[in-house]
Amino acid sequence: MLKNSQIKIQPVKTQAYNDQKPGTSGLRKKVKVFQQMDYLQNFVQSIFNCLPDLVGSTLILGGDGRYYNRESIQIIIRMAAANGVKKIILGQGGIFSTPAVSHLIRKHKALGGIILSASHNPAGMDGDFGIKFNISNGGPAPEEFTDAVYAESLEITQYHIGPIKGIPLDILGTYTLDEMEIEVIDSVNDYAELMATLFDFDKIKALIASDNFKLCFDAMYAVTGPYAIRIFEEILGAEAGSVIRSDCLPNFGGGHPDPNLIHAKQLVDIMFDVEETGSAPNFGAASDGDGDRNMIMGDYFYVTPSDSLAVIAANAHLIPAYKDGLKGIGRSMPTSQAADLVAEKLAIPSYETPTGWKFFGNLLDDKRITLCGEESFGTGSDHIREKDGLWAVLCWLNILAERKQSVEDIVRQHWAEYGRNYYTRHDYENIPIEAANKLFTTLQANLGTLMGRIFNNRTIFIADNFSYLDPVDNSQSNNQGVRIIFDDGSRIIYRLSGTGTEGATLRVYIERYVKDINEHDLDTQEALYDLIETAELLANIIGYTDRHEPTVIT
Ligand code: G1P
Ligand code: ZN
């Protein structure tokens, strides 16, 4: 309850919206949707209404710098003041990466954090905006919380907002609004300090200083620009220009800041030396809009996120923060099983969770896992409660500094030791929602008839919709993706995206394990050819969507 003294201004009457249901990662909508009358205010008040300890609390606030970031921040500050928040810690210019917020929540023992981002979705006036709330452990709010926020948003009739007082977002310092304190801090400092405690910066510096080592980091005009410049160029000594597309622009330069082979084409072209300069950098990486995703490359070589998790796990003992061993490894269900093989060898548990970072939080808090990752270019550890793009890049640099081998050699040796999990994801974006739902309902209805059937010499032995029982709090999450598992360990997974803002996105994940080293040189799509065919056959993708090809293959 609010104390009377804290309500200086009458609450504002508002009309509820019926579409404020958070998805895999917060509420994401077109900017224009967020700009509707009281739309942002309703959602923020709904979050506040679900926080019984809000009065007198500290919140961390910042975003990935996309269009509407600054305006939203001014609104949220005024609402926080009117709702009795004691202190807001704000990133300079309204900028914080998602991992930085997660760290600051933990460092300051804050009640939580509000992150303004739609992650890798395009930005700008016609692009997407988003807002997510992270709880006091630094991780994304669990479903129970986001469901409660949604319920509030359907019923909301009023919100509280303080007086207009433009806070100078760009100038470091402490300001007040009513009784609330706002501290504008450097967006990068705390995060960079945390990284220095985890990795051997001296060894990485030496690697970067060596004559035959060159790195390229693509910030994709999004939030990691300032972080990467500070850490790679200023602290670790990479030459100026090693970080490309480093300005954090409100429209992300018109691009789609998703670090994959398609959207990070600039980096891919540099790493594959398409301009034939004769020297590709030895190491390349990119991060997404809000800095939690990463893509890792070597010269003429791409590392799949699933392999990256497995390689980091297998080499974690070389990194100071993990030198005493890992407690366990978590991966999302559609992520390839490569990390499980490492866990088995290390004799530590592995966990298979539904898609979305929120499921790793309990496992990390309960000290069951140290590392976790998703096939969607997300990797992380117990240092925070979000996936962390730059952290993953530093893991690789630390491993390279210790092993003094190329990225490709390290990955090939890994396959030789553990076998190779060929893996691909096919996305069919922006298909009509009705068609996607029909495809999915039919697929589900047919699951019972699939057991024991043989396709291309493989027998199906599991055909179900994945359910997860959280071993820490016993909560159950159902319908987390259709799994078709064959007797040779190959898998086909189907999911509908929970983060898109236009139509539906069907994701098809395909995996095949090959132990024989003589078969580790195949092209991924060729190696998976017959499974891709089966995936089409089982779901009749062409029939329902009239799409003959995926829009994105990763
Ligand atoms: C996607 C990814 C998922 C990730 C999420 C947030 O969700 O697939 O792994 O956690 O973005 O970054 P989806 O759109 O598939 O629901
Ligand atoms: Zn992201």
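Rules behind the numbers
- Residues numbered from 1 in each chain as written.
- Chains lettered and ligands numbered in written order.
- Predicted model: local features only at pLDDT ≥ 70, side-chain atom pairs only at ≥ 80, totals over all residues.
- Heavy atoms only, no water.
- 1 Å grid on protein atoms, 1.4 Å probe; cavity = no way out; pocket = protein on both sides within 12 Å on 5 of 7 lines; lining within 4 Å.
- Points joined across faces, edges and corners; volume = space filled by probe spheres on them.
- Helix = DSSP H or I, 4+ residues; strand = E, 2+ residues; numbered from the N terminus.
- Nonpolar A, V, L, I, M, F, W, Y, C, P; charged D, E, K, R; others polar.
- Donors = N, O, S within 2.8 Å, 3.2 Å for Na, K, Ca; no water.
- Tetrahedral: all angles 85-135°; square planar, octahedral: opposite > 155°, others 65-115°.
- Buried < 20%, exposed > 50% of the residue type's maximum accessible area, 1.4 Å probe, protein only.
- Core = buried A, V, L, I, M, F, W, Y, C linked by side-chain atoms within 4.5 Å.
- Contact = heavy atoms within 4.5 Å.
- Pairing = 2+ DSSP bridges.
- Axes fitted to C-alpha atoms, helices over the stretch in contact; angles between N-to-C directions.
- Parallel < 35°, antiparallel > 145°, perpendicular 65-115°, else oblique.
- Left-handed = near helix turned anticlockwise from the far one by under 90°.
- pLDDT = per-residue confidence, 0-100.
- Near = heavy atom within 4 Å.
- Polar contact = N/O pair within 3.5 Å; in protein donor to acceptor, adjacent residues only side chain to side chain.
- Areas by Shrake-Rupley, 256 points an atom, 1.4 Å probe, with all protein chains shown as cover.
- Phe/Tyr/Trp six-rings, centres within 6.5 Å; stacked < 30°, edge-to-face > 60°.

Caption draft 1: Local environment of the layout of surface pockets. Of the voids in this model, the largest pocket is the one considered here, and its volume is about 1000 Å³. Lining the largest pocket we find 35 residues, and of these Gly-23, Leu-496, Ser-497, Gly-498 and Thr-499 sit closest to its centre. Listing elements by their share of the lining of the largest pocket, those giving two or more residues are strand E2 (27-30), helix H5 (143-155), helix H12 (358-365), helix H15 (433-450), strand E25 (491-496) and strand E26 (504-514). Broken down by element, the residue count for the lining of the largest pocket peaks at four residues, all from E2. When the residues that make up the lining of the largest pocket are grouped by side-chain class, the tally is seven nonpolar, 19 polar and nine charged. Considering only enclosed or pocket space, the second largest pocket measures out at about 760 Å³ in volume.

Caption draft 2: Main features of the coordination of the zinc ion (ligand 2). At the metal site, the zinc ion (ligand 2) is ligated by Ser-119 (OG), Asp-288 (OD), Asp-290 (OD) and Asp-292 (OD), and these contacts range over 2.0 to 2.1 Å. Classification of the site at the zinc ion (ligand 2) as irregular follows from its four donor atoms and the range of 86 to 166° in their angles at the metal. Of note, the zinc ion (ligand 2) draws all its donor residues from one chain, in the sequence arrangement S-x168-D-x1-D-x1-D. On the basis of relative accessible area, Asp-288 is assigned to the buried category, the value being 0%. The buried category is assigned to Asp-292, whose relative accessible area is 3%.

Caption draft 3: Geometry of the nonpolar core. Formed by 73 residues in total, the largest nonpolar core has its most connected members in Phe-232, Phe-283 and Leu-397. Sort the elements by how many residues they give to this core and helix H13 (residues 389-403) lands first, with eleven residues. Aside from chain neighbours lying at most four places away, what touches Phe-283 is Phe-213, Lys-214, Leu-215, Cys-216, Met-271, Ile-296, Met-297, Val-393, Trp-396, Leu-397, Leu-400 and Val-407. Leu-59, Phe-133, Leu-169 and Ile-182 belong to the second-largest nonpolar core, a separate cluster that totals 44 residues.

Caption draft 4: Spotlight on the sheet that holds E2. The strand order E2-E6-E5-E3-E4-E9-E8 describes an open sheet built from seven strands, whose pairing is mixed. Each edge of the open sheet carries a strand with a single partner, namely E2 and strand E8 (173-177). When strand polarity is set aside, the average angle formed by the axes of neighbouring strands in this sheet is 20°.

Caption draft 5: Structural detail: the packing of helix H2 (residues 39-49) against H5. Across the interface, H2 lies against H5 with an axial gap of 8 Å and an inter-helix angle of 125°. In terms of orientation, H2 and H5 fall into the oblique class. Considering how the two elements wind past one another, H2 and H5 form a crossing that is right-handed. Residues Phe-43, Ser-46, Ile-47 and Asn-49 of H2 lie in contact with H5, whose contacting residues are Phe-145, Val-149, Glu-152 and Ser-153. Within the contact of H2 with H5, the residues separate by chemical class into four nonpolar, three polar and one charged.

Caption draft 6: Inspection of the confidence of the model for the protein chain at higher detail. Put simply, the protein chain has an average pLDDT of 95, and 99% of its residues get 70 or more. Predicted confidence for residues 1-7 stays below pLDDT 50, and this span has 13 contacts to residues more than four positions away or in other chains.

Caption draft 7: Highlighting the site of ligand 1. Among the 13 residues in the neighbourhood of ligand 1, the closest are listed as Ser-376, Ser-497, Gly-498, Thr-499 and Arg-507. Contacts to ligand 1 include Glu-374, whose side-chain N or O atom sits 2.7 Å from an oxygen atom. Within the contact set of ligand 1, an oxygen atom lies 2.6 Å away from a side-chain nitrogen or oxygen of Ser-497. Coverage of ligand 1 by the protein chains reaches 98% of its 380 Å² of free accessible surface.

Caption draft 8: Here's a closer look at the packing of aromatic side chains. By the definition in use, this model includes eleven aromatic pairs. When the centroid spacing of 5.4 Å and the interplanar angle of 80° are considered together, the rings of Phe-34 and Tyr-39 count as edge-to-face. Assigned by exposure class, Phe-34 and Tyr-39 land together as buried. Between Phe-133 and Phe-145, the aromatic rings sit 5.4 Å apart at their centres with planes inclined by 25°, giving stacked as the arrangement. Of this pair, Phe-133 sits in strand E6 (residues 128-134) while Phe-145 sits in helix H5, and the two are twelve residues apart along the sequence. Judged on exposure class, the residue Phe-133 and its partner Phe-145 are both buried.

Caption draft 9: Broad picture of the pairing of strand E10 (residues 215-218). Both faces of E10 are covered, namely the face carrying Leu-215 and Phe-217 and the face carrying Cys-216 and Asp-218. Sheet analysis places E10 next to strand E12 (residues 283-287), joined by four bridges and oriented parallel. Paired with Phe-217 across the strands is Ala-285, a residue of E12. In this structure, E10 lies alongside strand E11 (residues 243-244), joined through two bridges in parallel fashion. Its bridge partner lying in E11, Phe-217 is registered against Val-243.

Caption draft 10: Spotlight on the sheet that holds strand E18 (residues 378-381). Spatially, the four strands line up as an open sheet ordered E16-E15-E17-E18, and their pairing is mixed. Among the strands making up the open sheet, the edge pair consists of strand E16 (350-353) and E18. Strand-to-strand twist of the sheet, defined as the mean angle between neighbouring strand axes without regard to direction, takes the value 15°. Judged from the three bridges that link them, strand E15 (residues 329-332) and strand E17 (residues 371-374) form a sheet pairing that is parallel. By the bridge assignment, Gly-330 is partnered in E17 with Cys-372.

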